[in-house]
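Residue-level structural notes
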Amino acid sequence: MRHLGAFLFLLGVLGALTDICEIPEVDIQLVEKLGQRLLPWMDRLSREHLNPSVYVGLRLSSVQVGTKEKLYLRSLKLDYQQCLLRSALSENDSDCQAKPSMGRLSLYLLALRANCEFIRGHKGDRLISQLKRFLEDEKRAIGHNHKGHPHTSYYQYGLGILALCVHQKRVHNNLVGKLLYAVEHDRLHQSHFSVDTAAMAGLAFTCLKRSNFNPDQRHRITMAIRTVQEKILKAQTPEGYFGNVYSTPLALQLLMTSPMSGAELGTACLKAKVALLASLQDGAFQNAVMISQLLPVLNHKTYVDLISPDCLAPRVMLEPATTTLPQIQDPETINVTLQVLSLLQPYRQAIPVLAGSSLEDVLKKAHMLGGFIYEKQASLSGPYLTSVMGKEAGKREFWQLLQAPNTPLQQGIADYRPKDGEAIELRLVSW
């Protein structure tokens, strides 16, 4: 800790000499280890596992996986293009059971740009039209008086605008105006400030500004970028994170594009880098989406670089990690208390599981023991709860994961690994 404190002091001195958000070079071996965590995903080519965010993160990083990248992009194209186009023609296409969401389609378009491809032709126009329809539906949900909310979130709304922008597709002033109003009147968030949502909105605005789109709104766009950047800087924790460890990479992506200058910005970014490196040493960043947002930052890249990506930049070839088999030991059993207190009939039970089990394993064991039921749904960030004890999360509701009594978990059910004696509460909350 003494060395870390000295390092932080040194970075503070360096930050005072740095007026912009710069991330110093990171040990390539650390980046390789991080990239190796994505290798299993490159072999998962079924529809439920395909994740365009993984491809984007690798392409904007300093590492590569060779021919696996080409095969992965090919699989993405087959799934997203053909499925979307067929589902547009037939609502009963058995091969396309779930039409990709606005967020998935937006990330797919980012993946194409990460390979230096522009969406073109009749099929491409259909995909762009699909995304614009998504945005129009969200605009209607927000309403003329701006008192409504998107069906999905302002995060996905901003991501959709960013995806259109990097493909040089103009976005109507009315669509951009909804996001501008949300920033100007602090309506991006329902209950508390979301660094991820603010960062995504800022990246979308930065792309519009650099592409010289929406000239009539240029002043508002410039002011909105400054607003979200200032709020993100204010959200930095004493440890150095912007919001939390997993929202920090996207925040850094925005701050790295910042036209702002000053010692405060430079120091904040350097402090965030130290916090991220410490979290990596503690085993954070196992989730594929979170890794894919961090890898570009470590290569001094952001999603805005997809305006004009450098597809010829040299990247280090990743090799599968070599591991030594540990000595076989009897597995340790731990007890995790699972509780649901926000229902009329509360549930509370100690669940025995093997050490190292995920929260999802705890839920499965609780269900197997009886008296506990739940349902989940897959997403790009991993599975999330939709129903607990027969109670479904309604509109503007979600099942929150907490370390009892009131500490929200920063990871999902597939990534969080409870410790022995820990109490986990599932709480139905509104937003």
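Residues numbered from 1 in each chain as written. Predicted model: local features only at pLDDT ≥ 70, side-chain atom pairs only at ≥ 80, totals over all residues. Heavy atoms only, no water.

What to know about the confidence of the model for the protein
In this model, the protein carries a mean pLDDT of 88, and residues with pLDDT of at least 70 account for 89%. Note on residues 1-17: pLDDT is under 50 here. Beyond four places in sequence and across chains, it has 13 contacts. (pLDDT = per-residue confidence, 0-100. Contact = heavy atoms within 4.5 Å.)

Looking at helix 6 (residues 102-114)
Because an α-helix completes one turn every 3.6 residues, residues spaced three or four positions apart along the sequence face the same direction. Between the first and last C-alpha of helix 6 there are 18 Å, a value that for 13 residues agrees with the 18 Å anticipated at 1.5 Å per step. In terms of burial, helix 6 is a largely internal element, 12 of the 13 residues being buried. Three or more residues of helix 6 are buried, namely M102, G103, L105, S106, L107, Y108, L109, L110, A111, L112, R113 and A114. At the exit of helix 6 stands C116, carrying a positive phi of roughly 60°. (Helix = DSSP H or I, 4+ residues; strand = E, 2+ residues; numbered from the N terminus. Expected span 1.5 Å × (residues − 1). Buried < 20%, exposed > 50% of the residue type's maximum accessible area, 1.4 Å probe, protein only.)

Points about the sheet that holds strand 5 (residues 374-377)
With respect to topology, 3 strands assemble into an open sheet ordered 5-6-7, the strand pairing being antiparallel. Two strands lie at the open edges of the sheet, namely strand 5 and strand 7 (391-392), each paired on one side alone. Sheet topology places strand 6 (residues 384-388) next to strand 7; 2 bridges connect them, and they run antiparallel. Within strand 7, the position partnered with V388 by the bridge is K391. Sheet strands touched by helix 15 (residues 359-369): strand 5 and strand 6. Its angle to strand 5, the strand with the most contacts, is close to 145°. (Pairing = 2+ DSSP bridges. Axes fitted to C-alpha atoms, helices over the stretch in contact; angles between N-to-C directions.)

As for helix 15
Listed as buried for helix 15 are L359, E360, V362, L363 and A366. The buried side chains of helix 15 occupy one side of the element, clustering within an arc of 155° when seen end-on. Positive phi shows up at G370, right after helix 15, with a value of about 95°. (Arc of directions from axis to C-beta.)

A closer look at the pattern of salt bridges
Taken as a whole, this structure holds 10 salt bridges when the rule is applied. Note that E69 is salt-bridged to R315, the shortest N-O span being 2.8 Å. One end of the pair, E69, is in helix 5 (residues 67-89); the other, R315, is in the loop between helix 14 (288-298) and strand 2 (316-317), and 246 residues separate them in sequence. E69 gets classed as buried once you look at its relative accessible area, which sits at 3%. Residue E360 is joined to K376 by a salt bridge in which the shortest nitrogen-to-oxygen separation is 2.2 Å. One end of the pair, E360, is in helix 15; the other, K376, is in strand 5, with 16 residues separating them in the sequence. What you see here is one network of salt bridges that share partners, running through R59, E69 and R315. (Salt bridge = Lys/Arg side-chain N within 4 Å of Asp/Glu carboxyl O.)

So, the environment of T337
Here T337 is to be found in strand 3 (residues 333-340). Separated by 86 residues in sequence, T337 and A423 have C-alpha atoms that sit 4.4 Å apart. Beyond its immediate chain neighbours, meaning those up to four positions away, T337 contacts R348, Q349, A350, E422, A423 and I424.

Re the packing of aromatic side chains
Here the structure, examined in full by the defined rule, presents 4 aromatic pairs. Summarising the aromatic geometry, the rings of Y154 and Y157 are spaced 6.2 Å apart at their centres and angled 70° between planes, so their arrangement reads as edge-to-face. Taken together, the residues span about one helical turn, with Y154 and Y157 both in helix 8 (residues 154-166) at a distance of 3 residues. Taking the relative accessible area as the measure of exposure, Y157 reaches 0% and is therefore buried. Between Y347 and F372 the ring centres are 5.2 Å apart and the planes differ by 40°, which places this aromatic pair in the tilted class. Of the two residues, Y347 sits in strand 4 (residues 347-354) while F372 sits in the loop between helix 15 and strand 5, which places them 25 residues apart along the sequence. Accessibility expressed as a relative area gives 1% for F372, which makes it buried. (Phe/Tyr/Trp six-rings, centres within 6.5 Å; stacked < 30°, edge-to-face > 60°.)

Brief notes about the environment of P249
Looking at the secondary structure, you find P249 in helix 12 (residues 248-256). Measuring from C-alpha to C-alpha, the distance between P249 and P296 comes to 8.7 Å, with 47 residues separating the pair along the chain. Apart from residues lying up to four places away in sequence, P249 is in contact with L276, F285, Q293, L294 and V297.

What about the nonpolar core?
Counting residues in hydrophobic clusters, the biggest one holds 104 residues, and the most contacted among them are F205, F242, L252 and F285. Ignoring any residue separated from it by four or fewer positions in sequence, one finds F242 in contact with V195, I232, L233, A235, Q236, S247, T248, A251, L252, L255, A268 and A272. Listed in part, the 24 residues of the second largest apolar core include L359, L385, L401 and I424. (Core = buried A, V, L, I, M, F, W, Y, C linked by side-chain atoms within 4.5 Å.)

Overview of unusual backbone geometry
For the bond from A404 to P405, the omega torsion is 5°, close enough to zero to count as cis. Among the secondary structure elements, P405 is positioned in the loop between strand 8 (397-403) and strand 9 (407-408). Look at H146: it is not a glycine, yet its phi comes out positive at around 65°. For H146, the position within the fold is in the loop between helix 7 (121-142) and helix 8. Look at H146 and you get buried, because its relative accessible area is 15%. Even without being glycine, H300 reaches a positive phi, approximately 60°. Along the chain, H300 falls in the loop between helix 14 and strand 2.

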